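Now for the letters of each chain:
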Amino acid sequence: NMKDLMKFPTHRADLAFEKMPVASHPVLDSVSGPLVDTIAKQDLLVTYPYQSFDHIVRLLREAAIDPKVRSISMTIYRVAERSQIVNALANAARNGKKVLVSIELLARFNEQDNIEYSERLKEAGATVVYGMPPMKVHSKLLLIERDGKKFAALSTGNYNETTARLYVDSTLITADPRLTNEVAEVFDVLEDASRMRVLTPPKFKHLLVSPFNSRKMFLKYLEREKAKGKDGYLFIKVNHLTDEVMVKRLLEAADAGVRMDLVVRTTYAVPPHENIRAISILDRYLEHQRAYIIGEGDERRVYLSSADLMERNLDWRMEVAFPIYDKALQQEVVDMMNLQIRDTVKARILDKEQSNPYASPKVTGVRAQYATHDYFLRKASASSKEAVLEEPKAKAKAKPAKVKVSTQAKRPVKSKK
């Protein structure tokens, strides 16, 4: 059970990574009232461990006690040992809210925990369903219905306070009805499946949902870029890329001139090609985000996802890839992925010989995870300065809300060990 190594004690400071301070979120850390009021006005993206997972916990805790919240629906795959997420869901049920939780009992290594959590939630009054047998439910979704309006959190990784400090994941928080209505439809499918109702295949226009439309849409986007030839571009970041059909179509697109940047952490089955640059990054955090950037310019599409490009994820699991519509958040995702591509310290080239050498023999240069951390610190600092500059104007109309300004210590020197 190799996951036990995650709990291995650290008694030697010289063998441990230096601490990285969490960057303040440019919006969420300055919100003093209910988060839903802010979410109603704009989409927000939280990327942890660079930013705090506590924002997700806070959203759920507020919903649990908000008298205007009527229902909460959530998918659970892996949660922390003493989960604040489960606590909030149980409290919501005790407070009389309709709580629907889809728990994956076959989440590897977490089977016993999930059985116990499901019993606890049922005792609190929540409705617990067990996915869509025989398929695993691997999507990470939260839906809150409040005062006739829907709010959703869509994530690339588990709602787990422990792994949120160790895995790189992103969560989109939105009130955009294009997305929230389709998230509600996913939960309708899960509830119907649990009651053995005959399922009418749902039609999704915005979300890419396996096993319903994700394969079809990925192939459609690939064909679109292939038709552009040398003007086509594709970026993919996943844990695994092994699906035979996808591999074949990627190679056909590359033959047509499409440029590709692939960041694949684990299993990879694409033969070398002059138009494909493929790397793997292993560093202090586990790279767990899945990201898809299709095209450039005005036609660019940006998705974050829970799904890898494997047959099981496209055809035999419920997965969700979600579009980033907000242009500023789109750029934030693109900026993060550009840092991955430029890594010269921890990136390994996935080569023909499978020797996977480092992209550069140097120990200096761009180290994507450290550069990403600096990126979020800079965004937090810029946001704080803007808030200070705007304060005199705000005073003329009303007393300004207090803005948290994170104190940023000097970056620790990297250990040579």
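These numbers were taken from a predicted model, which means no experiment stands behind them.

Enquirer: Mind showing me how you'd approach the overall build of the protein here?
Expert: A count of helices and strands for the protein gives 10 helices and 17 strands. Residues classed as buried in the protein amount to 53% of the 417 residues present. Relative to all contacts within the protein whose residues are 6 or more apart in sequence, the contacts with residues 24 or more apart total 71%. Just so you have it, the protein exposes about 20,800 Å², and 53% of that area is on carbon and sulfur atoms.

Enquirer: Sorry if this is basic, but what is going on with the nonpolar core here?
Expert: A general feature of soluble globular proteins is that nonpolar side chains tend to end up buried together. Leu154 and Leu207 are the most contacted members of the largest nonpolar core, which has 55 residues in total. The element best represented in this core is helix α5 (residues 177-194), accounting for 8 residues. For Leu207, the contacting residues outside a window of four places in its chain are Leu154, Leu179, Glu182, Val183, Val186, Asn213, Val320, Ala321, Phe322 and Pro323. Ile39, Leu44, Ala88 and Ala175 belong to the second-largest nonpolar core, a separate cluster that totals 43 residues.

Enquirer: Looking at this model, I keep getting lost on α5. Mind explaining?
Expert: Note on helix geometry: an α-helix contains 3.6 residues per turn, so any two residues three or four positions apart are oriented the same way. Taking 1.5 Å of rise per residue, the 18 residues of α5 would be expected to cover 26 Å, and the 25 Å separating its terminal C-alpha atoms lies within 8% of that figure. All of the buried residues in α5 are Leu179, Thr180, Glu182, Val183, Ala184, Val186, Phe187, Val189, Leu190, Glu191 and Ala193.

Enquirer: Quick question: what am I supposed to make of unusual backbone geometry here?
Expert: Tyr48 connects to Pro49 through a cis peptide bond whose omega is 15°. Here Pro49 is to be found in the loop between β1 (44-48) and α2 (54-65). With an omega of 5°, the peptide bond between Ser210 and Pro211 qualifies as cis. Tracing the backbone shows Pro211 in the loop between β9 (208-210) and α6 (214-228). Of note, the phi angle at Gln354 is positive, near 60°, even though the residue is not glycine. Here Gln354 is to be found in the loop between β17 (347-349) and α10 (368-395). Within the chain, Asn356 stands out as a residue other than glycine whose phi angle is a positive 50°. Relative to the helices and strands, Asn356 resides in the loop between β17 and α10.

Enquirer: Honestly, the packing of helix α3 (residues 84-94) against helix α4 (residues 111-124) in this entry has me stumped. Any pointers?
Expert: Helix packing for two helices is described by the angle between their axes and how far apart those axes are. It is at 8 Å that the axes of α3 and α4 come closest, and there the two elements cross at 20°. If you check the angle between α3 and α4, you find them roughly parallel. The handedness of the crossing between α3 and α4 is right-handed. Across from Val86, Asn87, Leu89, Ala90, Ala93 and Arg94 in α3, the residues of α4 making contact are Tyr117, Arg120, Leu121 and Ala124. By residue class, the composition of the contact of α3 with α4 is 7 nonpolar, 1 polar and 2 charged.

Enquirer: Which parts of the structure should I look at to understand empty space enclosed by the protein?
Expert: If you walk through the whole model with that rule in mind, you get 4 cavities of 30 Å³ or more. In terms of lining, the largest cavity is formed by Phe218, Tyr221, Leu222, Leu234, Phe235, Ile236, Met246, Tyr292, Ile294 and Leu309. Residue composition of the lining of the largest cavity, by class: 10 nonpolar, no polar and no charged.

Enquirer: I keep staring at the packing of α2 against α3 and nothing clicks. Help me out?
Expert: Interaxial distance between α2 and α3 falls to 8 Å at its minimum, and their mutual angle equals 15°. Classed by the angle they form, the pair α2 and α3 counts as roughly parallel. In this structure, the crossing between α2 and α3 has a hand that is left-handed. Residues Val57, Leu60, Arg61 and Ala64 of α2 form the contact with α3, whose own contacting residues are Gln84, Ile85, Ala88, Leu89, Asn91 and Ala92. Residue composition of the contact of α2 with α3, grouped by class: 7 nonpolar, 2 polar and 1 charged.

Enquirer: So what exactly am I meant to see when it comes to the confidence of the model for the protein here?
Expert: In this model, the protein carries a mean pLDDT of 88, and residues with pLDDT of at least 70 account for 90%. Per-residue pLDDT stays below 50 along residues 392-417; that stretch engages in 22 contacts with residues further than four places along the chain or on separate chains.

Enquirer: Sorry, what's going on with α6 here?
Expert: Counted at 1.5 Å a residue, the expected span for α6 with its 15 residues is 21 Å, and the 22 Å between its end C-alpha atoms agrees. Turning to α6, its buried residues are Ser214, Arg215, Met217, Phe218, Leu219, Tyr221, Leu222 and Glu225. On its buried face, α6 sits against β9, β10 (233-238), α7 (244-255), β14 (290-294), β15 (301-305) and α8 (311-315). One or two residues past the end of α6 sits Gly229, with phi positive at roughly 60°.

Enquirer: Can you help me understand the pattern of salt bridges in this one?
Expert: Side chains carrying opposite charge are able to pair once their charged atoms draw close together. Overall, the coordinates contain 17 salt bridges when judged by the stated rule. Its salt-bridge partner being Arg215, residue Asp243 comes within 2.8 Å of it at the nearest N-O pair. With Asp243 in the loop between β10 and α7 and Arg215 in helix α6, this residue pair connects regions lying 28 residues apart in the sequence. Considered together, Asp243 and Arg215 belong to a single accessibility category, that of buried residues. Among the salt bridges present, the one from Lys228 reaches Glu299, with a minimum N-O distance of 3.0 Å. With Lys228 in helix α6 and Glu299 in the loop between β14 and β15, this pair connects stretches of sequence that are 71 residues apart.

Quick notes on the rules
- Residues numbered from 1 in each chain as written.
- Predicted model: local features only at pLDDT ≥ 70, side-chain atom pairs only at ≥ 80, totals over all residues.
- Heavy atoms only, no water.
- Helix = DSSP H or I, 4+ residues; strand = E, 2+ residues; numbered from the N terminus.
- Buried < 20%, exposed > 50% of the residue type's maximum accessible area, 1.4 Å probe, protein only.
- Contact = heavy atoms within 4.5 Å.
- Areas by Shrake-Rupley, 256 points an atom, 1.4 Å probe, with all protein chains shown as cover.
- Core = buried A, V, L, I, M, F, W, Y, C linked by side-chain atoms within 4.5 Å.
- Expected span 1.5 Å × (residues − 1).
- Axes fitted to C-alpha atoms, helices over the stretch in contact; angles between N-to-C directions.
- Parallel < 35°, antiparallel > 145°, perpendicular 65-115°, else oblique.
- Left-handed = near helix turned anticlockwise from the far one by under 90°.
- Nonpolar A, V, L, I, M, F, W, Y, C, P; charged D, E, K, R; others polar.
- 1 Å grid on protein atoms, 1.4 Å probe; cavity = no way out; pocket = protein on both sides within 12 Å on 5 of 7 lines; lining within 4 Å.
- Points joined across faces, edges and corners; volume = space filled by probe spheres on them.
- pLDDT = per-residue confidence, 0-100.
- Salt bridge = Lys/Arg side-chain N within 4 Å of Asp/Glu carboxyl O.

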